[in-house]
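Next come the chains, spelled out residue by residue.
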Amino acid sequence: MTKGTGADEGTSKQVGRVPSGDGKTDRQGNKAKTGKPRKILGSSQMSRFAEAAGGLDRYHSARAASFGGFDGLSNTIQGVGGNAYSPELSTDFNELPQSLHEQWSYYRFFYRSEPFVGQALDLHTELPLSKIRIGIPKAKSRELALAATRFCEKWAQKNQLLQRLISIVHERNLIGEAFIWSEDDNPEMPQNIRFEARHTLTDEGEAIEEMVEREDADARASRWLKKNYKGWTSVRCLPPEQVRMESFNFTDERIFELIPDSKTKHVIDRANSADPDAIRVVESMPAEVVDAVREGRNIPLNTDPYAGSFIYYMANRKSDYEPRGRSILERCMRVLVFRDKLRQSQTSIASRHMTPIRVVYSPDLSEPQLDDLREQVDQSLQDPDFSIITNYEVTWEEMGADSRLLDLTSEYDLTDRQLYSGLGVTEGLLSGESAYSGDRINLEVINVRYMLLREQLQELVQENFFKPMCHRMGYIEDDEDGEPQVIVPTLTFTRLALKDNRDTFDQLYNLFTKGNLDVDTILELLNLDPVSVNERVKNDMLTPKDATYNEVLRGVYNSIASIIGENSNLPEIVAKTLGSDVVFSRPKEE
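Residues numbered from 1 in each chain as written. Predicted model: local features only at pLDDT ≥ 70, side-chain atom pairs only at ≥ 80, totals over all residues. Heavy atoms only, no water.

Caption draft 1: Seen up close, the overall build of the protein. Across its full length, the protein carries 19 helices and 18 strands. The 590 residues of the protein split such that 31% are buried. Working note: accessible area of the protein is about 39,500 Å², and carbon and sulfur atoms make up 50% of it. (Helix = DSSP H or I, 4+ residues; strand = E, 2+ residues; numbered from the N terminus. Buried < 20%, exposed > 50% of the residue type's maximum accessible area, 1.4 Å probe, protein only. Areas by Shrake-Rupley, 256 points an atom, 1.4 Å probe, with all protein chains shown as cover.)

Caption draft 2: Focus on the pattern of salt bridges. Summed over the entire model, instances satisfying the criterion amount to 18 salt bridges. Between R339 and E114 there is a salt bridge, with its nearest N and O atoms 3.3 Å apart. One end of the pair, R339, is in helix α10 (residues 333–352); the other, E114, is in the loop between α2 (100–113) and α3 (115–126), with 225 residues separating them in the sequence. E246 is the partner of R244 in a salt bridge, and the nearest nitrogen-oxygen pair spans 3.7 Å. It is possible to trace a salt-bridge network through shared partners that takes in E114, R339 and D416. (Salt bridge = Lys/Arg side-chain N within 4 Å of Asp/Glu carboxyl O.)

Caption draft 3: Representation of α3 in the model. Across its twelve residues, α3 extends 16 Å between first and last C-alpha, which sits within 8% of the 16 Å expected from 1.5 Å per residue. Every buried residue belonging to α3 is among V117, G118, A120, L121, L123, H124 and T125, and all of these are buried. (Expected span 1.5 Å × (residues − 1).)

Caption draft 4: Inspection of the packing of aromatic side chains at higher detail. Going through the model one piece at a time under the given rule, you end up with eleven aromatic pairs. On the numbers, 6.1 Å between centres and 10 degrees between planes, the contact of F151 with Y229 is stacked. Here the residue F151 occupies a position in helix α4 (residues 142–158), and Y229 occupies one in the loop between α6 (217–228) and β9 (234–238), the gap between them amounting to 78 residues. Y229 carries the same exposure label as F151, and that label is buried. Centroid distance W155 to F465: 5.9 Å. Interplanar angle 55 degrees. Geometry classified as tilted. Of this pair, W155 sits in helix α4 while F465 sits in helix α14 (residues 440–473), placing them 310 residues apart in sequence. Judged by its relative accessible area of 2%, W155 is buried. F465 sits in the buried class, given a relative accessible area of 1%. One aromatic cluster in this structure is built from Y106, F109 and F110. (Phe/Tyr/Trp six-rings, centres within 6.5 Å; stacked < 30°, edge-to-face > 60°.)

Caption draft 5: Region of the structure containing the sheet that holds strand β13 (residues 310–315). If you walk across this open sheet you meet the three strands as β9-β6-β13, and the pairing is antiparallel. Both outer strands of the open sheet, β9 and β13, are each paired with one neighbouring strand and no more. Strand-to-strand twist of the sheet, defined as the mean angle between neighbouring strand axes without regard to direction, takes the value 25 degrees. Judged from the six bridges that link them, strand β6 (residues 177–183) and β13 form a sheet pairing that is antiparallel. Across the sheet, residue F179 finds its bridge partner in β13, namely Y313. The sheet contacts of helix α5 (residues 161–175) involve β6, β9 and β13, and relative to β6 the element is tilted by about 150 degrees. (Pairing = 2+ DSSP bridges. Axes fitted to C-alpha atoms, helices over the stretch in contact; angles between N-to-C directions. Contact = heavy atoms within 4.5 Å.)

Caption draft 6: Here's a closer look at a negative patch on the surface. Judged by side-chain charge, D252, E253, D304 and D320 come together as a negatively charged surface patch. Relative to the assigned elements, D252 resides in the loop between β10 (243–247) and β11 (254–258). What makes D252 exposed here is its relative accessible area of 72%. (Patch = residues over 30% accessible without salt bridge, like charges linked within 9 Å, V, L, I, M, F, W, Y side chains within 5 Å. Lys, Arg positive; Asp, Glu negative; His and termini not counted. Charge placed at Lys NZ, Arg CZ, Asp CG, Glu CD.)

Caption draft 7: Region of interest: the nonpolar core. Of all hydrophobic cores here, the largest spans 42 residues; its most connected members are W155, L161, I180, F465 and F466. Of all the elements in the fold, those that place two or more residues in this core are β5 (132–135), α4, α5, β6, α6, β13, α14 and β18 (490–493). Tallying contributions element by element places α14 first for this core, with nine residues. Filtering out sequence-adjacent residues up to four positions away, F466 remains in contact with I134, C152, W155, L161, V461, V488 and P489. Formed by 25 residues, the second largest nonpolar core is a distinct cluster that contains L96, V117, C332 and Y420. (Core = buried A, V, L, I, M, F, W, Y, C linked by side-chain atoms within 4.5 Å.)

Caption draft 8: Fine view of a nonpolar patch on the surface. Side chains of V552, V556, Y557, I560, I564, L570, I573, V574 and L578 sit close together on the surface and give an oily, nonpolar patch of about 840 Å² of accessible area. No other element matches helix α18 (residues 549–566), which puts five residues into the nonpolar patch. With respect to the helices, strands and loops of the structure, V556 is situated in helix α18.

Caption draft 9: Layout of unusual backbone geometry. Notably, A274 is not glycine yet its phi reads approximately 70 degrees, a positive angle. Relative to the assigned elements, A274 resides in the loop between α7 (262–272) and α8 (276–283).

Caption draft 10: Summary view of the environment of V461. As for its placement among the helices and strands, V461 is situated in helix α14. Spatially, the C-alpha atoms of V461 and L491 are 7.4 Å apart, while their sequence positions differ by 30 residues. In contact with V461, not counting residues within four places along its chain, are L161, L165, F466 and L491.

Caption draft 11: Broad picture of the sheet that holds β10. Spatially, three strands are ordered β10-β11-β12 in an open sheet, and the strand pairing comes out antiparallel. Of all strands in the sheet, those bounded by a partner on one side alone are β10 and β12 (299–301). Taking the axes of each pair of neighbouring strands and ignoring which way they run, one obtains an average angle of 30 degrees across the sheet. Relative to β11, β10 is paired through five bridges, and the arrangement is antiparallel. If you follow E246 over to β11, its bridge partner there is I255.

In structure tokens:
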């Protein structure tokens, strides 16, 4: 039997003989017999074709399985492998963001446009930072502790520390990491503040200038710092797109580089062209920044807070080997993309049917009557006051988008629950319409997470903001082991109002009244600084702010009344006024 290739009917090649025929003939008139289709591949590769009665040899069968066909046999398809499962390489893989920059763009878009996402991120940002307090540190020198506290309070008020922390927490939750840049633009202390130049002559008669520390060097340095040093000039979050970070195994050290933006490059190029305004701006920039931009390289960033301006990296991650932080939106990305596709489908249907389809008909109309009706309908659409008048029945129907929109109630209910779980919130927390008893367990979990976040912020502020400033200001004393210890004020937050602590407070108060618990523990549970509270209590003692002030006055008044009554004729005057015949006996004088 011969069979053409399909592309050229005149060219054919013999591939086998048919020993007998069943009455059917091919194009060349030869009798042929068709067999039942037989599987030649595995169950996952379902290619089938009809074969001759004599069958195919092993060689051609192998070629058919490998290459989808063989010489002389047409209409044979290539075997295709079955569906392979992969949780990452799914059908919607290309719809999800791939690079870091694309992920950050998606996060920002859904924060702006998705109500659940925006509200949940704002709650996770604002609730842990309801109010901050700067407490007095424990120190041997009360004067140094108060001075350090006043300095840090002024710095926090000047730089709006609460707003900076809100920005940091928001960036950490949204992007998964925050690059915090603390700038120190204070002038350096002149050398002559602590040292003085002395000129001496050597034995050879050569004059030598030496810098000798002054006797009052510490006092002079303290006065200069109080006048000129104001702490960190600014604290801000850098855009993650402009920061290149490189981490390494077996160490926590990282390399950070700032990628200059196009605006900075443009103003430096203008300064190179002798633009006076650009020159003024460039002269105010750090010299290392200008040199790096002109040389076409990134700007290295310092990570040591004791060496001046530095960058601090805060990441939302649980494993040390993960190179970058993870946004809380990353686990919700598939759900958010799916919801957005549902929204787009509904919007597309509504847009197509924004103008309703009108069907106007009347049975058994002649062509002139139909034309007249069409004209009246067109005029009525142009003029709302136009009336259609006919002597026959007319039916007017409009088909809008109501019956064509998709019913997505179940899909939205499912995705709502998935977003609540992924964002770590409850419906009652977002809407504020739920009672505490119904969401008690969920709120307890959220409260614990907020406490862990507060500890990270306390470490950031106390160890990287307050401590370097107090170290430079000289708020240092020796501890019990004789080692220098920097006096650092504490950062505390007000109590979270997410849970009802009435039962817990009652138990602690009972322990306090029995003498089994100190009051500092209760104050710390309320996020109150015990040192500051004790200081205020001492200041309020014997003043109208004292809780027992009125009782003291009442007791004094009672004592005075007793003395006046016993040593005066006031009782007789009162009795005479009341018309009483009471006789008062006075003690005899000795």
